[in-house]
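Coordinates in review
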Amino acid sequence: MLYEYITVASDEAVGVITLNRPKILNALNLQLIDELVEAMEQFDHDPSIGAILLTGNERAFAAGADINEMADASAVEIMKRDQFAVWDRMSRISKPIIGAVSGFVLGGGCELMMNCDIVIASETAVIGQPEINLGVMPGAGGTQRLTRAVGLRKAMEMLLTGDSISAKEAWQYGLVNRVVPVEAYFSEALKLAKRISRQAPLAVQVIKKTVHKAEDLPLQEGMDYERNSFYLLLASEDRKEGMQAFLEKRKPRFTGN
């Protein structure tokens, strides 16, 4: 499909989505988010794709929401848009989403990054939730995911001051997985996405879902969910292939069955 605000491509078994509003630092408007989630869902349903890579450009992953869409709208108008419903669809993508971020990762851009399962950041990345400076607050998960990622005290400081943190600080707080030179952030993320895309598809998707359950369930319920998921994968053809390949000292040929 043709999109106005994103570009879509595939590289081997990786679906690559690039935010494409460079003149305004990839500001997130409603259409961009709609296009993004539609592309994600298409990759999610494509059996030839094993992982999704989401990126922007060196100057900005996304510098926040498009304020032009919000400045003159009333609270009732914004509520009627139900604009966060599409974000809920993003959280139901079953395949792993790898974020490759650089430059400004602010506001909605930070929330979008936190929807990724793994994040590779360039050393130039600047990450934060500055909504307080506009007299508002995050609405797409910023208070919830940031607190889970960096802890209550650091999240409270960032959210109440609007201050951003560097890529190095984000790594120290566990908000990103790796920090690499700006010229390598995309290639490193793509390499990782390709590696994951070669794993057993069912196991990848079940692991992703089970890890996210850890945020929501008490420990014992999480352990029960993990064990049931483990038993489920034992019934897969990929489990048989993986173990047979190990015994025969060859690479497995996973099919997703």
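Notes on the structure follow. Keep in mind the model is a prediction, meaning the values are calculated, not measured.

**A short note on unusual backbone geometry**
- One non-glycine residue, Glu12, lies in positive phi territory at about 55 degrees.
- With respect to the helices and strands, the residue Glu12 is situated in the loop between strand 1 (6–11) and strand 2 (14–19).
- With a phi angle near 55 degrees, Leu25 is a residue other than glycine that sits in the positive phi range.

**Some words on the sheet that holds strand 10 (residues 178–180)**
- Pairing is mixed across the open sheet formed by six strands, whose spatial order is 1-2-3-5-7-10. Looking at strand neighbours, the two that pair on one side only are strand 1 and strand 10, the edges of this open sheet. Taken pair by pair, the neighbouring strands of this sheet meet at an average axis angle of 20 degrees, ignoring direction.
- For strand 2 and strand 3 (residues 51–55), the ladder comprises five bridges, and the chain directions are parallel. Directly across from Val16, in strand 3, lies its bridge partner Leu53.

**Observations regarding the pattern of salt bridges**
- For the coordinates displayed, the defined rule picks out 11 salt bridges.
- Put simply, Lys194 and Asp11 hold a salt bridge, and the shortest N to O gap is 3.0 Å. In this pair, Lys194 sits in helix 8 (residues 185–197) while Asp11 sits in strand 1, placing the two residues 183 residues apart along the sequence.
- Between Glu41 and Arg89 there is a salt bridge whose closest N-O contact spans 2.8 Å. Taken together, the residues span a long stretch of sequence, with Glu41 in helix 1 (residues 30–45) and Arg89 in helix 3 (residues 85–90) at a distance of 48 residues.
- On the basis of relative accessible area, Glu41 is assigned to the partly exposed category, the value being 22%.
- Residue Arg89 is classed as partly exposed on the basis of its relative accessible area of 30%.
- Because the salt bridges share partners, they merge into one network encompassing Asp11, Glu12, Lys194 and Arg198.

Quick notes on the rules
Residues numbered from 1 in each chain as written. Predicted model: local features only at pLDDT ≥ 70, side-chain atom pairs only at ≥ 80, totals over all residues. Heavy atoms only, no water. Helix = DSSP H or I, 4+ residues; strand = E, 2+ residues; numbered from the N terminus. Pairing = 2+ DSSP bridges. Axes fitted to C-alpha atoms, helices over the stretch in contact; angles between N-to-C directions. Salt bridge = Lys/Arg side-chain N within 4 Å of Asp/Glu carboxyl O. Buried < 20%, exposed > 50% of the residue type's maximum accessible area, 1.4 Å probe, protein only.

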